[in-house]
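Summary of the model geometry
Listed here are the chains, written in short residue letters.
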Amino acid sequence: MKTNRPYPIATITRKGEAALRRGHPWVYVDEITSIPTELTNGCIVDVLSEKGSYLGSGLLSLTSKIRIRILSQNANDRYDRAFFRRRLSYAIDYRKATMQEDFSACRLVFGEADGLPGLTVDLYGDLLVTQVLSYGMDIRKNMLYEELVSLLSESGITIRGLMERNDVNLRTLEGLKEEKGWYEAIPHPDSPVTEITENGVRYSVDLENGQKTGFFLDQKYNRAAVARLAKGHTVLDCFTHTGSFALNAALGGAKHVTAVDISEDAIEMAKRNAERNGLSDRMDFIATDVFDLLPTLAEKKHDYDFVILDPPAFTKNRKTVKDAVRGYKEINYRAMKLLPRGGFLATCSCSHFMEPELFVDMLQSAARDAGVQLKLIEARRQSPDHPVILGIGETDYLKFYLFQVI
């Protein structure tokens, strides 16, 4: 099919067409039936069906199995600087509307969910942290950063530094180097450590060496839900990392909170955060393996009547889902055995591949084995700065449940 558009054409299979029409923004290499040779990596291509229908335009990746990442399905779009500025502006305006007073510490750009595939941007006060996982975005990052800083300046935020956290091996699939550090084109402070306030809790955040992009922003309102329920309870926070759920529970009025993590460094950071918030007198900290601790606690007399399970992703692909189910069941079963009747359980999974139905089935199986029933208080997802797009399953990854054990 001939068009008057300036972009090269890729024709795809019916399977690929069906996926795009359902709203999923990826075209895999084995779904492409024809494409010009000698194209520039990261360039824009138009995607057509076998019958010549326009399906969208996206970023070409010459090394990834995800060969094209769709930017838009509007045939009138042109992919100039103004297009990307609009996309960034839409993303910022959405956070202002949905996060409001929490806008100062939030995810500004969530990749495909904001029509900017492979780009993640977090805001921590007047500092930005970015992660770029697609070649097409990487070659445009200078322009994207300039527009981000400009748009935030118009919102009254003067950015004083941008940290790049491109230290993930997914970049190698795109033919990109792993690296991290300050983006030198923007003036930056000497230290990568800053402070944020979330739900009234103050945290020290290491933008360069912290997990992911420095802090797990997606659990913000789930932590607030725990705080609302914690008053008067004795809480065990498992996989505490830097203490976020534990601190929210303590600030919410818990009688006492024990924070557990296998990482000594994480526990030390959690202790410092407790001191920063004046909560040390109601908290203690244990550096140990949760899988070892829970069965030991269940055998002894204990006072815990609220257990929080916020483990890392036990699976990052479909091949290991069965192993992940066993891991999730083990810790949930142990927590249910530990809790008294009437106690509370907060449990979650941050793996996209652990689908909600599978996670609930696992919880029911664990409850049967533990000889208890679960009364659902709340079922939640990630905070709205990590938006879920229907049709893009990868954006819907965090499952969070609050139960009473009966």
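Everything discussed here concerns the structure shown above.
All of the points below concern the structure found in this document.

Cut-off values and rules
Residues numbered from 1 in each chain as written. Predicted model: local features only at pLDDT ≥ 70, side-chain atom pairs only at ≥ 80, totals over all residues. Heavy atoms only, no water. Helix = DSSP H or I, 4+ residues; strand = E, 2+ residues; numbered from the N terminus. Rg over C-alpha atoms; globule rule 2.2 N^0.38 Å. Buried < 20%, exposed > 50% of the residue type's maximum accessible area, 1.4 Å probe, protein only. Contact = heavy atoms within 4.5 Å. Areas by Shrake-Rupley, 256 points an atom, 1.4 Å probe, with all protein chains shown as cover. Lys, Arg positive; Asp, Glu negative; His and termini not counted. Charge placed at Lys NZ, Arg CZ, Asp CG, Glu CD. Pairing = 2+ DSSP bridges. Axes fitted to C-alpha atoms, helices over the stretch in contact; angles between N-to-C directions. Parallel < 35°, antiparallel > 145°, perpendicular 65-115°, else oblique. Left-handed = near helix turned anticlockwise from the far one by under 90°. Nonpolar A, V, L, I, M, F, W, Y, C, P; charged D, E, K, R; others polar.

On to the overall build of the protein chain, then. Scanning the protein chain from N- to C-terminus turns up 11 helices and 20 strands. At 23 Å, the protein chain has a C-alpha radius of gyration in line with the 22 Å of a compact globule built from 406 residues. Taking the principal axes of the C-alpha coordinates as reference, the protein chain spans close to 75 × 50 × 35 Å. Within the span of the protein chain, comprising 406 residues, buried residues form 55% of the whole. Here the contacts in the protein chain between residues at least 6 apart in sequence split such that 63% fall between residues at least 24 apart. On the protein chain, roughly 17,900 Å² of surface is accessible, and the fraction owed to carbon and sulfur atoms is 50%. On the protein chain, the mean spot of the 52 positive side-chain charges and the mean spot of the 55 negative ones are 5 Å from each other.

Once that is clear, we can look at the sheet that holds strand β6 (residues 66-72). The mixed open sheet is built from six strands, whose spatial order is β2-β6-β5-β4-β1-β3. In this open sheet, the two edge strands, each paired with only one partner strand, are β2 (26-28) and β3 (32-34). Each strand axis lies, on average, 40° off the axis of its neighbour in the sheet, ignoring direction. Pairing between β2 and β6: three bridges, direction antiparallel. Within β6, the position partnered with Tyr 28 by the bridge is Ile 66.

Packing of helix α2 (residues 81-99) against helix α4 (residues 141-154) leaves a shortest axis separation of 10 Å and a crossing angle of 45°. What the angle tells us is that α2 and α4 run oblique. Of the two elements, α2 crosses α4, and the hand of that crossing is right-handed. Listed contacts from α4 to Arg 81, Phe 84, Arg 85, Leu 88, Ser 89 and Ile 92 of α2 are Met 143, Leu 144, Glu 146, Glu 147, Leu 148, Ser 150, Leu 151, Leu 152 and Glu 154. Of the residues belonging to the contact of α2 with α4, the class tally is eight nonpolar, two polar and five charged.

On to the sheet that holds strand β8 (residues 119-124). Strand order in the open sheet formed by five strands is β7-β8-β9-β10-β11, and the pairing between neighbours is mixed. Each of the sheet's edge strands pairs with one partner strand only, and the pair in question is β7 (105-110) and β11 (179-182). Each strand of the sheet is rotated relative to its neighbour by a mean of 15°, with strand direction disregarded. Relative to β11, strand β10 (residues 162-166) runs antiparallel, the two sharing four bridges. Bridge assignment links Arg 165 to a residue of β11, and that residue is Lys 180. Together, β7, β8, β9 (127-132), β10 and β11 form the strand contacts of α4, whose direction differs from that of β9 by roughly 150°.

As for its position among the elements, Ala 313 is in the loop between β17 (306-309) and α10 (321-338). A residue is classified by how much of its surface remains accessible, and Ala 313, at 26% relative accessible area, is partly exposed. Here the alpha-carbon distance between Ala 313 and Thr 197, two residues 116 residues apart in the chain, equals 25 Å. Contacts of Ala 313, omitting those with residues within four sequence positions, involve Tyr 328, Cys 350 and Ser 351.

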